[in-house]
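Take a look at the letters that make up each chain.
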Amino acid sequence: MNQLFDVSTTSRNMVSKFLSGYNLDQLNTIPEGFSNNLIWNIGHIIVSQQLLVYKLSGLPMMVSDELVEKYKKGTKPEHIVTQAEVDEIKSLLFETIQQTKVDYDNQIFKNYMEYTTSTGDHVLRNAEDAMAFSNFHEGLHIGSMMSIRKFI
């Protein structure tokens, strides 16, 4: 399990460079041919990790219902993100992973509602599966972000 958390931390370190390397206008820019922007991708990976690991475990999430509604699967950027929201996302970027490690070490993940991912070939049966899939999912979105940055 330590390796899963190491991968999560590496992923989040890569993502944090987008937050520090781009201004608010750039984070909000949706380049032609794309359906989302840098900040949506970042918010989406945070919300997705929380939904996959905590909500499907029947546990409270660290993200608000408002953030979930803005960044869950099937959404797209519908508003200009403010600096305050960027700051909130920035703080959640590492807090969520750190808290997940603490919670995992404290063995709070006891139940899980089995979930078939949208790829159709991954069935998540427990929080460990969800954490592993979340890492894969974040990698996909980092790839999208690397493409977006070429056009802003």
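Structure: above.
Quick caveat: nothing in here was measured; it's all calculated off a predicted structure. (Residues numbered from 1 in each chain as written. Predicted model: local features only at pLDDT ≥ 70, side-chain atom pairs only at ≥ 80, totals over all residues. Heavy atoms only, no water.)

## Some remarks on the nonpolar core
Nonpolar side chains tend toward joint burial in soluble globular proteins. The biggest cluster of nonpolar side chains holds 23 residues, and the ones touching the most others in it are V15, L19, I39, I42, I46 and Y71. Only α1 (2–21), α3 (38–53), α4 (65–71), α5 (83–105) and α6 (127–149) provide two or more residues apiece to this core. The leading source of residues in this core is α3, at seven residues. The residues contacting L19, other than those within four sequence positions of it, are L27, I39, I42, V86, K90 and L93. Ranked by size, the runner-up nonpolar core spans 13 residues in total, among them L124, A130, M131 and F133. (Core = buried A, V, L, I, M, F, W, Y, C linked by side-chain atoms within 4.5 Å. Buried < 20%, exposed > 50% of the residue type's maximum accessible area, 1.4 Å probe, protein only. Helix = DSSP H or I, 4+ residues; strand = E, 2+ residues; numbered from the N terminus. Contact = heavy atoms within 4.5 Å.)

## Description of the packing of α1 against α6
The contact between α1 and α6 brings their axes to 10 Å, and the two run at 25 degrees. If you check the angle between α1 and α6, you find them roughly parallel. Crossing hand, α1 versus α6: left-handed. Two secondary-structure elements touch here, α1 through L4, F5, V7, S8, S11, R12, M14, V15 and F18 and α6 through E128, M131, A132, N135, E138, I142, M145, M146 and R149. (Axes fitted to C-alpha atoms, helices over the stretch in contact; angles between N-to-C directions. Parallel < 35°, antiparallel > 145°, perpendicular 65-115°, else oblique. Left-handed = near helix turned anticlockwise from the far one by under 90°.)

## Describing the packing of α1 against α3
Angle between the axes and distance between the axes are the two parameters that describe a pair of packed helices. The geometry of α1 relative to α3 is characterised by a closest axis approach of 10 Å and an angle of 145 degrees between their N-to-C directions. Here α1 runs over α3; the crossing is left-handed. Residues R12, V15, F18 and L19 of α1 form the contact with α3, whose participating residues are L38, I39, I42, I45, I46 and Q49. Residue composition of the contact of α1 with α3, grouped by class: eight nonpolar, one polar and one charged. (Nonpolar A, V, L, I, M, F, W, Y, C, P; charged D, E, K, R; others polar.)

## So, the environment of S134
You can see S134 is positioned in helix α6. Judged by relative accessible area, S134 falls into the buried class, the value being 2%. For S134 and S8, which are 126 residues apart along the polypeptide, the C-alpha to C-alpha distance reads 8.4 Å.

## As for the side chain of T100
By the secondary structure assignment, T100 is in helix α5. With near-sequence residues (within four places) excluded, T100 lies in contact with F5, Q49, Q50, V53, Y54, F109 and M131.

## Here we look at unusual backbone geometry
Phi is positive for Q107, close to 55 degrees, though the residue is something other than glycine. By secondary structure assignment, the location of Q107 is in the loop between α5 and β1 (115–116). For Q107, a relative accessible area of 56% corresponds to the exposed category.

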